[in-house]
2 protein chains.
Amino acid sequence: MKQLEQKILEVGIVLNENVLKVDSFLNHQVDPQLMLSIGQTFASLFEAEGITKVLTLESSGIAPAVMAALQMNVPLLFARKRKSLTLKDDLYTEKVFSFTKQEESEITVSRKFLSAEDRVLIIDDFLANGDAAIGLARIVEQAGAQVAGIGIVIEKAFQPGRKKLNEYGYRVHALARIASLENGKVTFAAEPVISTMAND
Amino acid sequence: MKQLEQKILEVGIVLNENVLKVDSFLNHQVDPQLMLSIGQTFASLFEAEGITKVLTLESSGIAPAVMAALQMNVPLLFARKRKSLTLKDDLYTEKVFSFTKQEESEITVSRKFLSAEDRVLIIDDFLANGDAAIGLARIVEQAGAQVAGIGIVIEKAFQPGRKKLNEYGYRVHALARIASLENGKVTFAAEPVISTMAND
């Protein structure tokens, strides 16, 4: 998505070879017009999938995901992150390890909002190691629902997230794919259209 | 806002005299069309205020706030909740006590995204005791910026939040005002237009 790549080049900050800071338009300050374009792009990429619900993880996934849900005219559901829970009878839960924060948290979704009839589009702001997306996908599968696709705003293509998601058989689309952050510079990769489709 | 009151009556769950559960359309599952209407309503209520930025608190404020920011064509900024921080040179921070969770957390905003020229609309999902809104307002004032208004999706008008905000001189608009949750029933209150304006 050209508009997103342009924004990353203009205002993204390369902190080191692994970290791109996009807190000026995505995960602290948010550009709502760009989020609307992102939502429209996800809606068109997954148009044929019969999506019934969009699922994301608080907090940074909410802005792009609510715009995708708006375009698709389906509800958004955001999973909660919790340290650990005692009472969880009415919740689907999965453990997710965050490499950024070096801590494990539990993500939860209320059972009443996912059912076996749902075809779910998972949306997240970043794909790196894939743990958050895999946690969300497992919650969908706990409900007996279908993961109809995974939409990522920014993929760090030099990390193993997509490979893992493809091995599970999920269809993944990333709107911006970063091949490298070496030498303080963002280099983009192309969307691997054929390999993704082969995993449908 | 009739559409919101209708939704509360249809799917809101009165847990007890103090707690209304709206996790089917606002703070877990989210109705994106309703969020768009809410954003349009906030934009029109605060149209004359020359808003330059919308500020909310993660996570439940993000969906209504990003729609308001979209309509107003200004950036959204969401404050982060943290347990406590060691390094905070580049952050505005305020302590906020949550009655629901019975814990204190720190809310933070990066200094680079608020400046003395900003006229800020604060948006939150609920107004009860007012602590979150007051914490956000103090962050705006730390930056030397103006609190141009406070927009609330659902106000529990039987709790002291609005009184406190009015005492600070802030202009508050709530889209649904709940007078009582007694006997398992939601009773709405009118918007106190005159008293609010008197505090401008």
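Here, the structure is the one placed above.
**Quick notes on the pattern of salt bridges**
Here is step 1 of the chain: Applying the stated rule across the entire model yields 22 salt bridges over all chains.
Here is step 2 of the chain: The closest approach of N and O atoms between B:Asp23 and A:Lys112, which form a salt bridge, is 3.4 Å. Here B:Asp23 is found in the loop between strand S2 (20–21) and strand S3 (29–30), whereas its partner A:Lys112 is found in the loop between strand S7 (103–110) and strand S8 (119–127) on a different chain.
Here is step 3 of the chain: We classify B:Asp23 as buried; its relative accessible area is 11%.
Here is step 4 of the chain: Across the pair B:Asp23 and B:Lys21 runs a salt bridge, and its minimum N-O distance is 3.8 Å.
Here is step 5 of the chain: The exposure class of B:Lys21 is partly exposed, given its relative accessible area of 29%.
Here is step 6 of the chain: Salt bridges sharing common partners tie together A:Lys21, A:Asp23 and B:Lys112.

**A look at the relation of the copies chain B and chain A**
Here is step 1 of the chain: For the pair chain B and chain A, the best superposition has an RMSD of 0.0 Å and corresponds to a rotation of 180° with a translation of 0.0 Å parallel to the axis. Accordingly, the operation relating the two chain copies is best matched by a two-fold axis. The C-alpha atom lying nearest the rotation axis in chain B is that of B:Ser59; the distance is 2.7 Å.
Here is step 2 of the chain: Interface overlap between copies is the fraction of interface residues in one copy that are interface residues in the other; for chain B against chain A it reaches 100%, indicating a shared surface.

**Looking at the pairing of strand S8 (residues 119–127) of chain B**
Residue and element names in this part refer to chain B.
Here is step 1 of the chain: In terms of residue burial, S8 counts as a mostly covered element, since 8 of its 9 residues are buried.
Here is step 2 of the chain: As paired strands, strand S4 (residues 53–57) and S8 are joined by 3 bridges and run parallel to one another. Each residue of the ladder has a partner; that of Leu 55, found in S8, is Ile 122.
Here is step 3 of the chain: Crossover S8 to strand S9 (residues 146–156) through helix H4 (residues 131–142) is right-handed.

**Here we look at helix H3 (residues 62–72) of chain B**
Here is step 1 of the chain: The element H3(B) is extensively covered by neighbouring structure, given that 10 of its 11 residues are classed as buried.
Here is step 2 of the chain: All buried positions along H3(B) are accounted for by B:Ile62, B:Ala63, B:Pro64, B:Ala65, B:Val66, B:Met67, B:Ala68, B:Ala69, B:Leu70 and B:Met72.

**What to know about the pairing of strand S10 (residues 172–180) of chain B**
All names here are of chain B.
Here is step 1 of the chain: Along S10, 8 of the 9 residues are buried, which leaves the element largely enclosed by surrounding structure.
Here is step 2 of the chain: Taken together, the 6 bridges between S9 and S10 define a ladder with parallel strand orientation. Looking at S10, one finds that Gly 151 is bridged to His 173.
Here is step 3 of the chain: Between the parallel elements S9 and S10, the chain passes through helix H5 (residues 161–167) in a crossover that is right-handed.
Here is step 4 of the chain: Examined bridge by bridge, S10 and strand S11 (residues 187–188) share 2 bridges and lie antiparallel to one another. Considered in S11, the bridge of Ile 178 is made with Phe 188.
Here is step 5 of the chain: Once S10 ends, the chain turns through 6 residues before running back antiparallel as S11, passing Asn 183 with a positive phi of about 55°.

**Things to note about the side chain of B:Thr56**
Residue and element names in this part refer to chain B.
Here is step 1 of the chain: Within the secondary structure layout, Thr 56 lies in strand S4.
Here is step 2 of the chain: Exposure remark for Thr 56: the relative accessible area of 0% places this residue in the buried category.
Here is step 3 of the chain: If sequence neighbours within four positions are ignored, Thr 56 has contacts with Gly 61, Ile 62, Ala 65, Leu 76, Leu 77, Phe 78, Ala 79, Ile 123, Asp 124 and Leu 136.

**With respect to the interface of chain B and chain A**
Here is step 1 of the chain: With 35 residues of chain B at the interface, the matching set in chain A holds 35 residues.
Here is step 2 of the chain: Here chain B meets chain A over a buried area of about 2,800 Å², counting both sides, of which 59% is carbon and sulfur.
Here is step 3 of the chain: Taken as a group, B:His28, B:Gln29 and B:Leu70 account for 23% of the area that chain B buries against chain A, more than any other trio of residues on that side.
Here is step 4 of the chain: On the surface where chain B and chain A come into contact, there are 2 salt bridges.
Here is step 5 of the chain: At the junction of chain B with chain A, the criterion picks out 21 residue pairs in polar contact (both at pLDDT 80 or more).
Here is step 6 of the chain: Of all the secondary-structure elements, those providing two or more residues to the side of chain B that touches chain A are S3, helix H2 (32–45), H3, strand S5 (76–82) and strand S7 (103–110) of chain B.
Here is step 7 of the chain: Broken down by element, the residue count for the side of chain B that touches chain A peaks at 6 residues, all from H3(B).
Here is step 8 of the chain: Residues of the side of chain B that touches chain A, tallied by class, amount to 19 nonpolar, 10 polar and 6 charged.
Here is step 9 of the chain: Here 2 bridges tie strand S5 (residues 76–82) of chain A to S3(B), and the two strands are oriented antiparallel to one another. Its bridge partner being in S3(B), A:Leu77 is matched across the sheet by B:Gln29.

**Observations regarding the packing of helix H3 (residues 62–72) of chain A against H3(B)**
A pair of packed helices is characterised by two quantities: the angle between their axes and the separation of those axes.
Here is step 1 of the chain: Interhelical geometry of H3(A) versus H3(B) gives an angle of 75° and a closest axis separation of 9 Å. By the angle between their axes, H3(A) is roughly perpendicular relative to H3(B). Contacts between H3(A) and H3(B) involve A:Ile62, A:Ala63, A:Val66, A:Met67 and A:Leu70 on the former and, on the latter, B:Ile62, B:Ala63, B:Val66, B:Met67 and B:Leu70.
Here is step 2 of the chain: For the contact of H3(A) with H3(B), the residue count by class is 10 nonpolar, no polar and no charged.

Parameters at a glance
- Residues numbered from 1 in each chain as written.
- Chains lettered and ligands numbered in written order.
- Predicted model: local features only at pLDDT ≥ 70, side-chain atom pairs only at ≥ 80, totals over all residues.
- Heavy atoms only, no water.
- Salt bridge = Lys/Arg side-chain N within 4 Å of Asp/Glu carboxyl O.
- Helix = DSSP H or I, 4+ residues; strand = E, 2+ residues; numbered from the N terminus.
- Buried < 20%, exposed > 50% of the residue type's maximum accessible area, 1.4 Å probe, protein only.
- Least-squares fit on C-alpha atoms with pLDDT ≥ 70 in both.
- Contact = heavy atoms within 4.5 Å.
- Pairing = 2+ DSSP bridges.
- Right-handed = clockwise from strand over helix to strand, strands pointing away.
- Buried area = accessible area lost by both parts, 1.4 Å probe.
- Polar contact = N/O pair within 3.5 Å; in protein donor to acceptor, adjacent residues only side chain to side chain.
- Nonpolar A, V, L, I, M, F, W, Y, C, P; charged D, E, K, R; others polar.
- Axes fitted to C-alpha atoms, helices over the stretch in contact; angles between N-to-C directions.
- Parallel < 35°, antiparallel > 145°, perpendicular 65-115°, else oblique.

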